[in-house]
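The primary structure of each chain is shown beneath.
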Amino acid sequence: MGDNFLREHAVYQIYPISFADGNGDGKGDLKGVISKLDYLENLGIKIIWLSPIYVSPMFDFGYDIEDYYNINPMFGTMEDFDLLMEETKKRGIRVVMDLVVNHTSDHHKWFKEALSNPESPYRDYYVFKKGKKDEKGRELPPNNWQSCFTGSAWEKVEGEDNMYYLHLFTKYQPDLNWHNEKVLEEVEKIICFWMDKGVYGFRCDVISEIYKESYEDGKKRKLGDPVGSEHYVATQGNHDILKRIRKDVIEPRGGVLIGECGGGITPEDGIKYLQDELDTFFQFDTQLCYKNGLSSKISMKKFKKILIEWQTKVDYNGNYFENHDQHRSTNKYVHGKHTDIGAKMLLTMLFTLRGVPFIYMGQEVGARDYPKGLPLEECSDCVTHSVYKLARDKFHAPKAFSMMMARKNGRDDTRAPMAFDQSEGHGFSALGVKPWQRYNPYSETYNYEAEKDDPHSIVNYFKKVNQLREGNQILIDGKIDFLDTDDKILNYVRVLNHEGYMVILNLTDKKVKYPYGFERIEKEHVLANYDDEAKFLRPYEARVYKINKKEEK
Ligand code: GLC
């Protein structure tokens, strides 16, 4: 973890199609982002991460890149981008781009070349392999790997005999071949291009999976890990590539790399990633600890155990509850009716844990999932549709059940247009414009205008937690120690040079007794999500005390 600026500030994620529509076509764009920079500055944001804005057929909403060097016309022009760089610079805000290089879009010219001419050098930019035959002579793909988005990870090449290409995601996202030095060179060129334009760094999409060590069959893995992943998650080749990229192009330019490290990486893998590879990274364990395979609610008991392990073993985690792939945290981590208090408790945790806090647009106002979800025909996410299809066609599940699973795994809820105010277009778009995805009815309640003058609102609480962490060396660099409490409470101290904070969080929607007694803490109350103090912890209560470590005992 090299870079101080990233250590010191939270990162605010923007999903461009849903953030702000600057040209009145119902879709967010760069002009829209520019128009909201004052809003972000007012929140105290210093780093934004833009989900992909490159040219793309948008099958996976930009995570399928057709041209790494140009802006998707849906989002604007290179002039708009340059203006964004100027305007962010004026406000002291840095911009992180998304770098999607496990795969390209099948519309990318490299892939088109690779398909149309098997002799072309671009063939080796991707992973083409011959299929196998079973005992009965039936054709099989090269191995049994599954796509992370359901089904086989191999697609048959039309017009060629028994030939397949690899895609860990949809078939429209062919995987790049990271054994080919040329691919690395291309990616380093892309990085330099954007960094020379003033970009601060990259959030690297599924970066833990780019280097496939072997193409052997995979073994059945634990729920959620696709078959085959032991051959490509956090491989030595992956570490070597990241070291190389860091040394060649990131370090000389003073940038940052933030890794999305899925596939069930372990804290030990994480430790390696932080040694001259990534500045910080996201793991998925704290997102996947559902109450059970069918539930879309997190078990806070499992969550607590997993969180403590990551926090204790890894020096600087990328901490997050929400992003464009996850449900809203109030729906997923908060049980029962105290959702506003719950939202504030989660924000308290996010900004006081050790590591970089990442927040997703709308989280600052307490945005929710759609009350009943969207009907299937209004869902645009490819995962929603593939999960529904799998449930119906393969498992013959009833429609309602299939829809429930599709919604749980699908990502439409979190991609609703942003709500800045209560007007018809919610400050996302102009009056009378149909947004690309319908507004969430909760936007009426959870939006900036409705909250800004209310001292108890989620957005004002967000500002407080963000301010508390800004420039606060104890919360930035202090070590973290967890106190022994039962599963219902998460209790930790952050300490630096004998000064510290004590954080007490009730993870449940029930009243619970705090085992150590508040009166024993030598303290100054600095933050709380209830107005008054009580002898016990109320549902989702969060308290942060300033403590003097020497006197704590
Ligand atoms: C990452 C992205 C997700 C995308 C996938 C494939 O997980 O966050 O949105 O679908 O990679 O690129």
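Above: the structure in question.
Residues numbered from 1 in each chain as written. Predicted model: local features only at pLDDT ≥ 70, side-chain atom pairs only at ≥ 80, totals over all residues. Heavy atoms only, no water.

J.: Where do I start with the packing of aromatic side chains in this structure?
T.: To describe a pair of aromatic rings, one takes the distance between the centres and the angle between the planes. The tally for this structure, following the rule as stated, stands at 37 aromatic pairs. Relative to Phe 169, the ring of Phe 149 has its centre 5.0 Å away and its plane inclined at 75 degrees; by these criteria the two rings are edge-to-face. On the criterion of sequence distance, the pair formed by Phe 149 in the loop between strand 8 (139-140) and strand 9 (154-156) and Phe 169 in the loop between strand 10 (163-166) and helix 6 (181-196) is long-range, its members being 20 residues apart. The exposure class of Phe 169 is buried, given its relative accessible area of 8%. (Phe/Tyr/Trp six-rings, centres within 6.5 Å; stacked < 30°, edge-to-face > 60°. Helix = DSSP H or I, 4+ residues; strand = E, 2+ residues; numbered from the N terminus. Buried < 20%, exposed > 50% of the residue type's maximum accessible area, 1.4 Å probe, protein only.)

J.: Would you take a moment to explain the sheet that holds strand 1 (residues 11-14) for this structure?
T.: The strands making up a sheet are joined through hydrogen bonds of the backbone, oriented either antiparallel or parallel. Spatial strand order, 13-12-11-5-2-1-15-14: 8 strands in an open sheet with parallel pairing. Looking at which strands have only one partner, the edges of the open sheet turn out to be strand 13 (280-282) and strand 14 (317-320). The mean inter-strand angle of the sheet, taken between neighbouring strand axes irrespective of direction, is 25 degrees. (Pairing = 2+ DSSP bridges. Axes fitted to C-alpha atoms, helices over the stretch in contact; angles between N-to-C directions.)

J.: When you look at the nonpolar core in this model, what are you seeing that I'm missing?
T.: Proteins that are soluble and globular tend to have nonpolar side chains buried together. Counting residues in hydrophobic clusters, the biggest one holds 160 residues, and the most contacted among them are Tyr 12, Phe 81, Trp 178, Phe 202 and Met 349. Sequence-distant contacts of Phe 81, that is, excluding residues within four places in its chain, are made with Leu 30, Ile 53, Ile 71, Met 97, Trp 194, Lys 197 and Val 199. Of all hydrophobic cores here, the second largest spans 12 residues; its members include Leu 483, Val 493, Tyr 514 and Tyr 545. (Core = buried A, V, L, I, M, F, W, Y, C linked by side-chain atoms within 4.5 Å. Contact = heavy atoms within 4.5 Å.)

J.: Help me understand a nonpolar patch on the surface, please; the structure alone is not making it clear to me.
T.: On the surface, Leu 294, Phe 401 and Met 404 cluster together into a nonpolar patch covering about 260 Å² of accessible area. Its place among the elements puts Phe 401 in helix 14 (residues 399-409). Under the relative-accessibility criterion, Phe 401 is labelled partly exposed at 32%. (Patch = residues over 30% accessible without salt bridge, like charges linked within 9 Å, V, L, I, M, F, W, Y side chains within 5 Å. Areas by Shrake-Rupley, 256 points an atom, 1.4 Å probe, with all protein chains shown as cover. Salt bridge = Lys/Arg side-chain N within 4 Å of Asp/Glu carboxyl O.)

J.: I'm lost on the sheet that holds strand 20 (residues 542-548) in this one. Help?
T.: Ordered in space as 16-17-18-20-19, the 5 strands form an open sheet in which the pairing is antiparallel. Here the strands that pair on one side only, and so sit at the sheet edges, are strand 16 (479-482) and strand 19 (523-528). Taking the axes of each pair of neighbouring strands and ignoring which way they run, one obtains an average angle of 25 degrees across the sheet. With 7 bridges connecting them, strand 18 (residues 499-506) and strand 20 associate as antiparallel partners. The residue of strand 20 that forms the bridge with Leu 505 is Ala 542. Contacts from helix 16 (residues 458-469) reach strand 18, strand 19 and strand 20, with the element oriented near 135 degrees to strand 19.

J.: Any chance you could explain the pattern of salt bridges here in plain terms?
T.: Note on pairing: side chains with opposite charge can pair once their charged atoms come close. Inspection of every chain in the model, using the stated rule, returns 47 salt bridges. Through salt bridges with shared partners, a single network forms among Asp 38, Glu 41, Glu 87, Lys 90 and Arg 91.

Taken by themselves, the reported measurements are silent on function.
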